[in-house]
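The residues making up each chain are set out below.
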Amino acid sequence: MMFLAKLVEMCRTHDLYGMKSDRALCREVHLNVAYRWFCRLEFTDSVPHHSSMSRIRDRFGESIFAEIFERLIRHWQEEEE
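Basis of the calculations
- Residues numbered from 1 in each chain as written.
- Predicted model: local features only at pLDDT ≥ 70, side-chain atom pairs only at ≥ 80, totals over all residues.
- Heavy atoms only, no water.
- Patch = residues over 30% accessible without salt bridge, like charges linked within 9 Å, V, L, I, M, F, W, Y side chains within 5 Å.
- Areas by Shrake-Rupley, 256 points an atom, 1.4 Å probe, with all protein chains shown as cover.
- Salt bridge = Lys/Arg side-chain N within 4 Å of Asp/Glu carboxyl O.
- Lys, Arg positive; Asp, Glu negative; His and termini not counted.
- Charge placed at Lys NZ, Arg CZ, Asp CG, Glu CD.
- Helix = DSSP H or I, 4+ residues; strand = E, 2+ residues; numbered from the N terminus.
- Buried < 20%, exposed > 50% of the residue type's maximum accessible area, 1.4 Å probe, protein only.
- Contact = heavy atoms within 4.5 Å.
- Core = buried A, V, L, I, M, F, W, Y, C linked by side-chain atoms within 4.5 Å.
- Axes fitted to C-alpha atoms, helices over the stretch in contact; angles between N-to-C directions.
- Parallel < 35°, antiparallel > 145°, perpendicular 65-115°, else oblique.
- Left-handed = near helix turned anticlockwise from the far one by under 90°.
- Nonpolar A, V, L, I, M, F, W, Y, C, P; charged D, E, K, R; others polar.

## Observations concerning a negative patch on the surface
Logical step 1: Residues Glu78, Glu79, Glu80 and Glu81 make up a contiguous surface patch of negative charge.
Logical step 2: The topology assignment puts Glu79 in helix α4 (residues 50-80).
Logical step 3: Judged by its relative accessible area of 53%, Glu79 falls in the exposed class.

## Concerning unusual backbone geometry
Logical step 1: Positive phi, normally seen in glycine, also occurs at Arg40, with a value near 60°.
Logical step 2: Topologically, Arg40 is positioned in the loop between α3 (33-38) and α4.

## Focus on the environment of Pro48
Logical step 1: By secondary structure assignment, the location of Pro48 is in the loop between α3 and α4.
Logical step 2: Residues Pro48 and Phe3 lie 45 residues apart in sequence; the distance between their C-alpha atoms is 8.8 Å.
Logical step 3: Sequence-distant contacts of Pro48, defined by excluding residues within four places in its chain, comprise Phe3, Leu7, Met10 and Cys26.

## Side note on the nonpolar core
Logical step 1: Within the largest apolar cluster, 19 residues are counted, with the highest numbers of intra-cluster contacts made by Met10, Leu25, Val29, Val47, Met53 and Leu72.
Logical step 2: At the level of secondary structure, the elements contributing two or more residues to this core comprise α1 (2-16), α2 (22-31) and α4.
Logical step 3: Among the elements that line this core, the one with the most residues is α4, at 6 residues.
Logical step 4: Leaving out residues up to four positions away in the same chain, Met10 has contacts with Leu25, Cys26, Val29, Cys39, Val47, Pro48 and Met53.

## Details of the packing of α2 against α4
Logical step 1: Close contact between α2 and α4 brings their axes to 8 Å; oriented N to C, the two are set at 130°. Overall, the two elements α2 and α4 adopt an arrangement that is oblique. Two packed elements cross with a definite hand, and for α2 against α4 that hand is right-handed. Contacts between α2 and α4 pair Asp22, Arg23, Leu25 and Cys26 from the former with His50, Met53, Ser54 and Arg57 from the latter.
Logical step 2: Its residues assigned to classes, the contact of α2 with α4 comprises 3 nonpolar, 2 polar and 3 charged.

The analysis is restricted to geometry; functional conclusions fall outside its scope.
What follows is the structure, given as structure tokens:
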């Protein structure tokens, strides 16, 4: 669950900041502390390989990926309560 959650956050970062590719996103997350924090990655965590992101998005499809994202948001909101 946590690996998928981190990938979802990375994809969200990709969309929010207009990154041009998964490769560029992974490079930025690796180097930028703010992106690491947003994606819930510790300094000791490795950044997922860019091909993992593409494969997961292709495997799930856009609608399933959006549903997973919504469920994770609800889960995180419940944790805060």
